[in-house]
Amino acid sequence: LLSYYVLTIKSDPRKELLLAIKNDQFYVVYQPVVRSETLQISGVEVLMRWRHPVAGEIPPDVFINLAETQQIIVPLTRHLLTLIAQDAPVLQTLLPAGSKLGINISPIHLHAGSFQQDLQRFTAAMPTDHFSVVLEITERAMIDKNRSLENFDWLHEQGFEIAIDDFGTGYASLSYLRKFQFDGLKLDKSFIFTLGDSPQNQAVVEKIIDLGKAYSMEITAEGVETLEQLTFLMKNKCDEVQGYLLGKPSAIADLNLNAAVLSAYSLGHTMN
Ligand code: C2E
Ligand code: CA
Ligand code: CA
């Protein structure tokens, strides 16, 4: 499989990606995001998957990166938005009005000429006034400041929320937080994984939560896998949690949100 990957996908990734869009090899999974205070589902994050007929599942980190370097990320994200809109009627029955729908947007797309039009088309294809769409933009690259700022204003006018993703892994500085009006901050899972290692790591997470609150952002912790991590985050008033403990990313047909709430509740009871 690796050799197949090297020989075909890697040798002509552009062609393989375009073919994969055309042949419907991409699909989406949804991961629950839970409010820490109530342990109720506040929404889901949409994650893209690629099942290649020969090479099998290609990791998202790999194909997103390929799509970005091959300038296919814009058509790929457009395709993603179409897939979400197709799922929307079912999603609407699973998630109450006001639920968040987190969508990962590449900074490259943010700067593309078609960005506003692509999002307007998406809004038109979605049920009105049901989901609160949160665009997750990784802090790793937010190159064109002026253009981003303009788009942020426009997105807010259109009713979108914006979250800074993978916070703590890239170049985001305090000046970024001051300049850009983010509604949410997603604390990278590497911080959560190492919480138990040292009091210093815990202090850093506490300070990032405080920092986010100082800028009136909703803080979501990613990669919550253990009860200890959940307890710590609840205690430190992290607004939302996401991770395998609360629910793995799953296809819409397997998205059992009640089960996620219930298991989270029973966890809560075990802790008290
Ligand atoms: P991300 O936006 O940080 O997404 C969260 C990643 O953490 C997902 O990996 C998810 O499956 C994983 N995760 C969630 N909870 C846990 C946990 O408790 N433990 C562990 N070990 N992992 C957890 P995934 O799906 O492999 O995606 C990786 C990255 O690929 C995403 O990171 C995102 O940057 C990118 N990506 C995925 N789908 C899309 C997409 O549709 N568009 C764009 N632009 N990027 C995407
Ligand atoms: Ca994300
Ligand atoms: Ca993330």
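We now turn to the structure provided with this report.

Cut-offs applied
- Residues numbered from 1 in each chain as written.
- Chains lettered and ligands numbered in written order.
- Predicted model: local features only at pLDDT ≥ 70, side-chain atom pairs only at ≥ 80, totals over all residues.
- Heavy atoms only, no water.
- Helix = DSSP H or I, 4+ residues; strand = E, 2+ residues; numbered from the N terminus.
- Buried < 20%, exposed > 50% of the residue type's maximum accessible area, 1.4 Å probe, protein only.
- Contact = heavy atoms within 4.5 Å.
- Areas by Shrake-Rupley, 256 points an atom, 1.4 Å probe, with all protein chains shown as cover.
- Core = buried A, V, L, I, M, F, W, Y, C linked by side-chain atoms within 4.5 Å.
- Phe/Tyr/Trp six-rings, centres within 6.5 Å; stacked < 30°, edge-to-face > 60°.
- Lys NZ or Arg CZ within 6 Å of the ring centre and 35° of its normal.
- Near = heavy atom within 4 Å.
- Polar contact = N/O pair within 3.5 Å; in protein donor to acceptor, adjacent residues only side chain to side chain.
- Donors = N, O, S within 2.8 Å, 3.2 Å for Na, K, Ca; no water.
- Pairing = 2+ DSSP bridges.

## Here we look at the overall build of the protein
(1) Moving on: Helix and strand counts for the protein stand at 12 helices and nine strands.
(2) Moving on: Split into buried and exposed, the 272 residues of the protein put 50% on the buried side.
(3) Moving on: Pairs at least 24 residues apart make up 69% of the contacts formed inside the protein by residues separated by at least 6 positions.
(4) Moving on: Of the roughly 13,300 Å² of accessible surface on the protein, a fraction of 53% belongs to carbon and sulfur atoms.

## Let's talk about the nonpolar core
(1) Moving on: By size, the foremost hydrophobic cluster in this structure holds 77 residues, and its most contacted members are Phe26, Ile84, Ile103, Leu135, Leu155, Val224 and Leu233.
(2) Moving on: Apart from the residues within four sequence positions on either side, Phe26 is in contact with Leu17, Ala20, Ile21, Met48, Arg49, Trp50, Phe63, Leu76, His79 and Leu83.

## What about the packing of aromatic side chains?
Geometry of an aromatic ring pair is reported as the spacing of the ring centres plus the angle between the planes.
(1) Moving on: Under the definition given, this model contains seven aromatic pairs.
(2) Moving on: Between Phe180 and Phe182, the aromatic rings sit 6.0 Å apart at their centres with planes inclined by 45°, giving tilted as the arrangement.
(3) Moving on: Given a relative accessible area of 2%, Phe180 falls into the buried group.
(4) Moving on: Among the aromatic residues, ring-to-ring pairing joins Phe152, Tyr176, Phe180 and Phe182 into one connected group.
(5) Moving on: In this structure, Lys248 packs its charged tip against the face of Tyr244, placed 4.7 Å from the ring centre.

## Side note on the site of ligand 1
(1) Moving on: In the vicinity of ligand 1 lie 22 residues, with Gln31, Arg49, Asn104, Glu225 and Tyr244 positioned nearest.
(2) Moving on: Asp166 has a polar side-chain atom sitting 3.1 Å from an oxygen atom of ligand 1.
(3) Moving on: Separating a nitrogen atom of ligand 1 from a side-chain N or O atom of Glu225 is a distance of 2.5 Å.
(4) Moving on: Coverage of ligand 1 by the protein chains reaches 87% of its 790 Å² of free accessible surface.
(5) Moving on: Taken together, the elements giving at least two residues each to the shell around ligand 1 come down to strand S2 (41–52), helix H3 (60–69), strand S6 (161–167) and helix H9 (189–193).

## Comments concerning the coordination of the calcium ion (ligand 2)
(1) Moving on: Within the protein, the calcium ion (ligand 2) binds to Glu45 (OE), Asn104 (OD1), Glu136 (OE) and Asp165 (OD); these donor distances fall in the range 2.1 to 2.4 Å.
(2) Moving on: If you list the donors of the calcium ion (ligand 2) from N- to C-terminus, the spacing comes out as E-x58-N-x31-E-x28-D.
(3) Moving on: Separating the calcium ion (ligand 2) from the calcium ion (ligand 3) is a gap of 3.9 Å, which Asp165 spans by donating to each of them. Here Glu45 is found in strand S2, whereas its partner Glu136 is found in strand S5 (residues 132–138), with 91 residues between them in sequence. There is no split in this pair, since Glu45 and Glu136 are both buried.

## Looking at the coordination of the calcium ion (ligand 3)
(1) Moving on: Donor atoms from the polypeptide that coordinate the calcium ion (ligand 3) comprise Asp165 (OD), Asp166 (OD), Glu222 (OE) and Glu222 (OE), at 2.1 to 2.7 Å from the metal.
(2) Moving on: For the calcium ion (ligand 3), the donor residues sit on a single chain with the sequence spacing D-D-x55-E.

## A short note on the pairing of strand S4 (residues 100–104)
(1) Moving on: With four of five residues buried, S4 lies mostly within the body of the structure.
(2) Moving on: Bridge count between S2 and S4: four bridges; the pairing is parallel. Within S4, the position partnered with Val44 by the bridge is Leu101.
(3) Moving on: Pairing geometry for S4 and S5, over five bridges, is parallel. Within the sheet, the bridge partner assigned to Asn104 lies in S5 and is Glu136.

## Digging into the side chain of Glu136
(1) Moving on: For Glu136, a relative accessible area of 5% puts it in the buried group.
(2) Moving on: In this view, Glu136 contacts Glu45, Gly102, Ile103, Asn104, Ile105, Ala163, Asp165 and Lys186; residues no more than four positions away in its chain are not counted.

## Focus on unusual backbone geometry
(1) Moving on: Even without a glycine there, the phi angle at Asp24 is positive, about 60°.
(2) Moving on: Here Asp24 is to be found in the loop between helix H2 (13–22) and strand S1 (26–35).
(3) Moving on: Of note in this structure, Lys237 is not a glycine but carries a positive phi near 60°.
(4) Moving on: Within the element layout of this structure, Lys237 appears in the loop between helix H11 (227–235) and strand S9 (240–241).

## Side note on the side chain of Ser99
(1) Moving on: Relative to the elements of secondary structure, Ser99 occurs in the loop between helix H4 (73–94) and S4.
(2) Moving on: Note on Ser99: relative accessible area 4%, which makes it buried.
(3) Moving on: At 2.6 Å, the side chain of Ser99 and the backbone oxygen of Pro96 are in polar contact.

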